Amino acid sequence: MKSSIWSPPLLSLRFIHVWRRNMLVWRKLALPSVLGNLADPMLYMLGFGYGLGRMLPDVFGTSYIAFLAAGTVCSSTMMAASFEAMYSGFSRMHVQKTWDAIMNAPVTLDDVLVAELVWAASKSFMAGSAVLVVATALGFTQSALALWVLPVMFATGLAFASLGLIMTALSVSYDFFMYYFTLFITPMMMLCGVFFPADQLPPAFQQAAAFLPLTHAVALVRPLMNDTVPAAWPLHAAVLVLFAAGGFYIALALTRRRLLK
Amino acid sequence: MTYLVARDLRKSYGTQEVVAGVDLELKPGECFGLLGPNGAGKTTTLRLCLGLTDPDAGTISMFDLPIPQSAREARARVGVVPQIDNLDPDFTVRENLMVYGRYFGLTKAHIDARIPALLEFAGLANRAGDNIKALSGGMKRRLTLARALINDPDLIFLDEPTTGLDPQARHLIWQRLRQLAAQGKTIFLTTHFMDEAERLCHRLAIMDHGRIMAIGSPRELVAAHIEPQVVEVFGDGAESWAAEHGGALCERCEQTGETVFCYAHNVEPLLHNLEQRPELRYLHRPANLEDVFLRLTGRDLRD
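On a predicted model such as this, the values are computed, not experimentally measured, just so you know.

(A) Layout of the overall build of chain A. For chain A, the count of helices and strands is ten helices and zero strands. Seen in sequence order, chain A has helices and strands lined up from the N terminus as α-α-α-α-α-α-α-α-α-α. Taking 2.2 N^0.38 as the reference for a compact globule, 261 residues should give roughly 18 Å; the C-alpha atoms of chain A span a radius of gyration of 19 Å, in line with that estimate. Its C-alpha atoms put chain A at 65 × 40 × 35 Å along the principal axes. Among the 261 residues that make up chain A, the fraction classed as buried is 49%.

(B) Expanded view of the interface of chain B and chain A. Contacts between chain B and chain A engage 21 residues on the former and 23 residues on the latter. When residues of the side of chain B that touches chain A are traced back to their parent elements, those giving at least two are helix H2 (71-75) and helix H3 (93-103) of chain B. Examining the composition of the side of chain B that touches chain A, we find that five residues originate from one element, H3(B), more than from any other. The class makeup of the residues in the side of chain B that touches chain A is eleven nonpolar, two polar and eight charged.

(C) How the structure looks around the sheet that holds strand S5 (residues 65-67) of chain B. All names here are of chain B. An order of S2-S1-S4-S5 is seen for the four strands of this open sheet, with the pairing classed as antiparallel. The open sheet has two edge strands, strand S2 (16-26) and S5, and neither has a second partner. Along the sheet, successive strands turn relative to each other by an average axial angle of 30°, direction set aside. Pairing between strand S1 (residues 4-13) and strand S4 (residues 57-62): five bridges, direction antiparallel. Looking at the pairing, Ala 6 lines up with Ile 60 of S4. Contacting S1, S2, S4 and S5, helix H1 (residues 42-49) runs over the sheet at an angle of about 120° to S1.

(D) How the structure looks around helix H8 (residues 218-225) of chain B. Residue and element names in this part refer to chain B. Three or more residues of H8 are buried, namely Pro 218, Leu 221 and Val 222. Projection of H8 onto a plane perpendicular to its axis shows the buried side chains occupying an angular sector of 95°, all on one side. Exposed residues lying more than 90 degrees from the buried face of H8 are Arg 219 and Ala 224. In this structure, the buried residues of H8 make contact with helix H7 (194-200), strand S9 (203-208), strand S10 (211-216) and helix H11 (289-297).

(E) Geometry of the nonpolar core. Grouped together as the largest cluster of nonpolar side chains are 150 residues, with contacts concentrated most on A:Ala69, A:Val73, A:Leu117 and A:Val221. Of the residues forming this core, the biggest block, 18 residues, is contributed by helix H3 (residues 64-95) of chain A. For A:Val73, the residues in contact, after removing those within four places along its chain, are A:Gly128, A:Val131, A:Leu132, A:Ala135, A:Val149, A:Met153 and A:Val221. Counting 15 residues, the second-largest nonpolar core is a separate cluster that includes B:Val231, B:Val233, B:Val260 and B:Val267.

(F) Looking closely at the pairing of strand S14 (residues 281-286) of chain B. Residue and element names in this part refer to chain B. Counting buried positions along S14 gives zero out of six residues, so the element sits mostly on the surface. Sheet topology places strand S11 (residues 229-234) next to S14; six bridges connect them, and they run antiparallel. Each residue of the ladder has a partner; that of Phe 234, found in S14, is Arg 281.

Analysis parameters
Residues numbered from 1 in each chain as written. Chains lettered and ligands numbered in written order. Predicted model: local features only at pLDDT ≥ 70, side-chain atom pairs only at ≥ 80, totals over all residues. Helix = DSSP H or I, 4+ residues; strand = E, 2+ residues; numbered from the N terminus. Rg over C-alpha atoms; globule rule 2.2 N^0.38 Å. Buried ≥ 20, exposed ≤ 12 C-beta atoms within 10 Å, placed from the backbone. Contact = placed C-beta atoms within 7 Å. Nonpolar A, V, L, I, M, F, W, Y, C, P; charged D, E, K, R; others polar. Pairing = 2+ DSSP bridges. Axes fitted to C-alpha atoms, helices over the stretch in contact; angles between N-to-C directions. Arc of directions from axis to C-beta. Core = buried A, V, L, I, M, F, W, Y, C linked by C-beta atoms within 7 Å.

Here is the structure:
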């Protein structure tokens, strides 16, 4: 009679209704959201890129600012997915009780969580795309291969949304998310090759970085923006998909335990 | 035919059995109330019936569908007014209804066609474009009720529908619920307000500590569980008067704070005695649902 929290997800297209709800809210609040997603990373990219870049030689055959642009696409995607899955997701789950309202209709928690996953990935896709468009307009990438960055951003968004939803399932308040940002997200900014090549780090850090999802997003996006097919791209893509799928499964089990038991 | 049948429902959280063997049955067209103090297990019972949480034991069927296995299908014919307001604060009144209708798989045209009547019903016809934040508590409740009707449900669940509302707002909600009952909707509500239960419900179950203590129409419950006459005695010396005469003059005598409640079939001797005691004040009235409720659930404070 009792269903296990670990039973496989029941997937359906019903998640689209919930996704559309989140989209409608976003459309109402789009201006500050776009500003936040775009202005912040752009300031770092342009500031460091021009300011610091002048003093630096080319990095792997590109200007430092082009190198940094690729890193910024990835970090913006990561940030947007994490914020959406945690702060906004927690708000909908716990503060506004939006999920409760939805689950009184013929929609299940599995549908709601899939919607949150895809929505956070969609929003991070928009954030990453905004950076990519600006980087293209400024001439930091001129490669047709850069179009492949679009699916990579979506996969990166799914991976970080899944991890964020695990935190949301465990969280008691907004403050809880600071641990995750300070202990996981911010270190990744330093370890995963956003600002500088990861091989500048001591070997132990490089080995640790290999297990972090942002490393694999950067390993795909940077060559693609520099007109190169990434080395070992199936491996990097597989890692992102694994984080997305595995993370989502854990997030779903923890959320079922929290809300349905 | 029954819309909802629950048999021997049980649900524990930790070591506490919140629902401890509940049997329920709802027939089409009736308004059924679950009356109980805070923490009696009312909300958990509703969640079990809606398939939002799995029972530890027992069976539920709604519209002859097994719950929780087919809860999603069953909920397509159900409307829910939750205890805690969960309207979408970023949306207007109209958007709240539109977005909620989509969760039922309804088309935009279908929802658009339903919205005017629902707004009219909720008394919000001129507030369609207003933000939720601009609405009063009573308006929000009415909108939540309208939202629960977006799919034209056969069965409506309401969890403490008027808690926190002022008297005017409560009366308006009651009026709307009677309207729905008159339309043939089946209603399942929880409450801890006697007047609400007495006014609205054809049948009531009094619940406490996870169990159904009694079930029947408000009149049946009063007739079955309590003496028909009550005299409330208060004032200086009520306590000592009760100790001296209470037992002899009435069938049952209970004390809460400074008031003594005397229950009896014939209160003439009691009233006669009280007339000799000018220092005591008293109130003679027929027994009501509250007396039944307090008799069955006790007079201790619930936290």
